[in-house]
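# Survey of secondary and tertiary structure
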Amino acid sequence: MKKKTFLLLLFILTMAVGIVIKNPFILNMLSMAALTVIVVTGLNLLLGFAGQISLGHAGFVALGAYISSLLSVKLGINPWVAIFVAVLASSLFGAIIGYPTLKLKSHYLAMATLAIGEIIHIVVNNYVELTGGPQGFSGMPMLSLFGFVLDNETKFYFFIWPVTFLLILLSINLVESRFGRAYKAIKSKENAAYAFGVNVHMYKVFIFTVSVFYASLAGALYAFYIGFISPSSFGLTQSIDYIVMVVIGGMGNFFGIFFTTIILSVLPNILTSIEDYWPIVNGLLLIFAMMVIPNGMKRLFSWIK
Amino acid sequence: MLGGIIEFLLLKQSLPIGLSLLISATVVSLIAVLIHRLFIAKTKNATELSLIIMTIGISITIRGIVGILVDKNAHPVKPFLSFSSVSLFNLVFSSQYVIVIFSTLVLAFLLYFYLKKTLSGKIMQAVSMNSLAARLFGIDVGLVQMSSFAISGFIGALAGAVIAPISFVQYDMGIMFGLKGFAACVVGGFGNNNGALIGGLIIGVAESLSAGYISSSYKDLIAFLIMILVLFVKPSGLFASKDVERI
């Protein structure tokens, strides 16, 4: 089956789920999962296709969330404009910060991105006058679409999932273009790609910027959906969660990651009784995935071409 | 973190400090060896990326287990010496700080001696430079890696145990120390122990100064800022001994 056909089927399925299920708790859970899918799809482009790790993605989500909320609450800018500006600013920040960072390799890259994420986290946590610090920040208005206010779980569900699918489609198109082939070359043999005239560094910076774009967009939408943001939602733990989802889903595999992300972001909500054990589960999943199934769930979806 | 926790548990059994220090460091280095045996050595076609991801997994697992087995609270550990402060040149130091500095110097000297003067230390350096070439010379690379895991576990545990009376013991105390340790290595240059020592000093002093002159809530920021600056400007570190790959 073609990737895009399968994507369309999935889209119809999620819409059907939205029509059948009326329970706001479940719809809310699935909408949150959609936001995570956006971040993880972006990270997948970076980690799965270009083979570059980022341990600071939660920081970029925070960037999108805080810039857009601050613009809209403090300056009274229209939410959509605020989101647009925030995503643009975050992506620009990603490009600037990515330029020197992506010259680094392996654990240097991991630590540098981790440090960037931590820096954003620390600033957000401590700049109390502006961000509210650990107390969080609220007062964001509801999003509205052509005069149609997204004020309950059902409406947001039908807004966020099409957006998510659009973004997945975008990333599939990106990967299957001439760009995508360059990334495959970079991932398998960087020097060879370089020798064939691929500007390895610029390609890496570009894909990093795209993944920051995804992360900050998800962050901004999250902020306006929940109406409250606090630094604790954008820490190292979340960055690692995103990595877990990409790895278990099978790096570079859109659908494996799609399902893994939904499962891993819904499960903790259902299994609240084992909340304390969740880090262990995550850790063991990572170890297990690296030792036994380095390709994650890729094989499960190998029939989608 | 494990070092500090185990030491805390042993001290609660009213074991003497020296003994509990030794036991906790030994136990942790055994755990490190076990981790290497069970996970790292068993990983098929390990790339650097997969090993990074795997060690992240291992560290969150250990944190999770300790968080449940012990608890998530911060526990105080009493200082090693009975008197709380010493004065030197009119400056008063807390006795535990003196112990920390002293043990750092001793460890740095021992490591230097081991890596430069003994055969097994030289072998370890050879493996770190080029493991394939080392293997061709008949060196058991797996064994060397395992012993380097044991040594780093031992030192890490000692550090955790020595710093415990200052910082309190908690299930997630290790993250910041680990990160700043890495930052110190980056600043000093990897594969260079003296450089790491100086890097740690630079970062520590910069942190304290920023806490004094700017704001104490931003002091953690400084370590990362310095690390990123060094990575961007001179990725091989200030006192580099080997090159960091850069395109």
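Residues numbered from 1 in each chain as written. Chains lettered and ligands numbered in written order. Predicted model: local features only at pLDDT ≥ 70, side-chain atom pairs only at ≥ 80, totals over all residues. Heavy atoms only, no water.

On a plain count of helices and strands, chain A comes out with 13 helices and 4 strands. Looking at chain A as a whole, 57% of its 305 residues are labelled buried. Excluding contacts between residues fewer than 6 apart, the proportion of contacts in chain A whose partners are at least 24 apart in sequence is 79%. Of the roughly 12700 Å² of accessible surface on chain A, 70% is carried by carbon and sulfur atoms. (Helix = DSSP H or I, 4+ residues; strand = E, 2+ residues; numbered from the N terminus. Buried < 20%, exposed > 50% of the residue type's maximum accessible area, 1.4 Å probe, protein only. Contact = heavy atoms within 4.5 Å. Areas by Shrake-Rupley, 256 points an atom, 1.4 Å probe, with all protein chains shown as cover.)

When helices and strands are tallied, chain B shows 10 helices and 2 strands. In sequence order, chain B lays out its α and β elements as α-α-α-β-β-α-α-α-α-α-α-α. The buried share of chain B, reckoned over its 247 residues, is 38%. Considering only contacts within chain B whose residues lie at least 6 apart along the sequence, 60% involve residues at least 24 apart.

Turning our eyes to something else, we now look at the interface of chain B and chain A. If you look at the interface, chain B gives 40 residues, while chain A gives 46 residues. Counting the surface lost from both chain B and chain A, the interface buries some 3900 Å², and carbon and sulfur atoms represent 81% of this. Joining chain B to chain A, the criterion identifies 0 salt bridges. At the surface where chain B touches chain A, the tally comes to 0 residue pairs in polar contact (both at pLDDT 80 or more). At the level of elements, α2 (17-40), α3 (48-69), α8 (174-188) and α10 (219-233) of chain B are the ones that each hand at least two residues to the side of chain B that touches chain A. Looking at the side of chain B that touches chain A, the element that brings in the most residues is α3(B), giving 14 residues. (Buried area = accessible area lost by both parts, 1.4 Å probe. Salt bridge = Lys/Arg side-chain N within 4 Å of Asp/Glu carboxyl O. Polar contact = N/O pair within 3.5 Å; in protein donor to acceptor, adjacent residues only side chain to side chain.)

Turning our attention to a nonpolar patch on the surface. Residue and element names in this part refer to chain B. Taken together, the side chains of I101, L105, L197, I198, I202 and L238 present a nonpolar region at the surface, about 490 Å² in accessible area. Secondary structure elements with two or more residues in the nonpolar patch: α4 (95-117) and α9 (193-213). Top contributing element to the nonpolar patch by residue count: α9, with 3 residues. (Patch = residues over 30% accessible without salt bridge, like charges linked within 9 Å, V, L, I, M, F, W, Y side chains within 5 Å.)

All names here are of chain A. Where helix α11 (residues 236-249) meets helix α13 (residues 278-291), the axes come as close as 10 Å, and the angle between the chain directions of the two elements is 35°. For the crossing formed where α11 meets α13, the hand is left-handed. Note on element contacts: α13 touches α11 through N282, L285, L286, A289 and M290, opposite D241, V244, V247 and I248. (Axes fitted to C-alpha atoms, helices over the stretch in contact; angles between N-to-C directions. Left-handed = near helix turned anticlockwise from the far one by under 90°.)

Residue and element names in this part refer to chain A. In this structure the tally under the stated criterion is 13 aromatic pairs over all chains. Ring plane angle 65° and centroid distance 5.9 Å describe the contact between W161 and F258, whose orientation is recorded as edge-to-face. One end of the pair, W161, is in helix α7 (residues 153-176); the other, F258, is in helix α12 (residues 254-270), and 97 residues separate them in sequence. (Phe/Tyr/Trp six-rings, centres within 6.5 Å; stacked < 30°, edge-to-face > 60°.)

Residues I53(A), I160(A), W161(A), I229(A), F234(A) and I53(B) are the most contacted members of the largest nonpolar core, which totals 133 residues. The element that contributes the greatest number of residues to this core is helix α10 (residues 200-226) of chain A, accounting for 17 residues. Shared between two domains, this core holds at least three residues of each, these being domain 1 (2-172) and domain 2 (175-247) of chain B. Beyond its immediate chain neighbours, meaning those up to four positions away, I160(A) contacts S31(A), A34(A), L35(A), I38(A) and L221(A). (Core = buried A, V, L, I, M, F, W, Y, C linked by side-chain atoms within 4.5 Å. Domains from an automatic or database assignment.)

Moving on: helix α2 (residues 24-49) of chain A. All names here are of chain A. Between its first and last C-alpha atoms α2 spans 36 Å; for 26 residues at 1.5 Å apiece the expected length is 38 Å, and the two agree. Bending of α2 peaks at approximately 30° at the position of L43. Across the 26 residues of α2, 21 count as buried, placing the element largely inside the fold. One side-chain oxygen of the residue at the start of α2 lies 2.9 Å from the amide nitrogen of F25, identifying that residue as N23. Once α2 ends, the next one or two residues include G51, with phi positive near 70°. (Expected span 1.5 Å × (residues − 1). Bend = angle between axes of the 7 residues up to and from the residue.)

Next up on the list: the environment of I240(A). Mapped onto the secondary structure, I240(A) falls in helix α11. Once the C-alpha coordinates of I240(A) and N282(A) are considered, the two residues, 42 residues apart in sequence, prove to be 9.0 Å apart. When neighbours within four sequence positions are excluded, I240(A) is seen to be in contact with I56(B) and I60(B).

All names here are of chain A. Direction vectors running N to C along α7 and helix α8 (residues 178-188) enclose 70°, while the axes themselves pass 4 Å from each other. What the angle tells us is that α7 and α8 run roughly perpendicular. From α7, L174, V175 and E176 reach across to α8, where they touch R178, F179, G180 and R181. Residue classes in the contact of α7 with α8 are distributed as 3 nonpolar, 1 polar and 3 charged. (Parallel < 35°, antiparallel > 145°, perpendicular 65-115°, else oblique. Nonpolar A, V, L, I, M, F, W, Y, C, P; charged D, E, K, R; others polar.)

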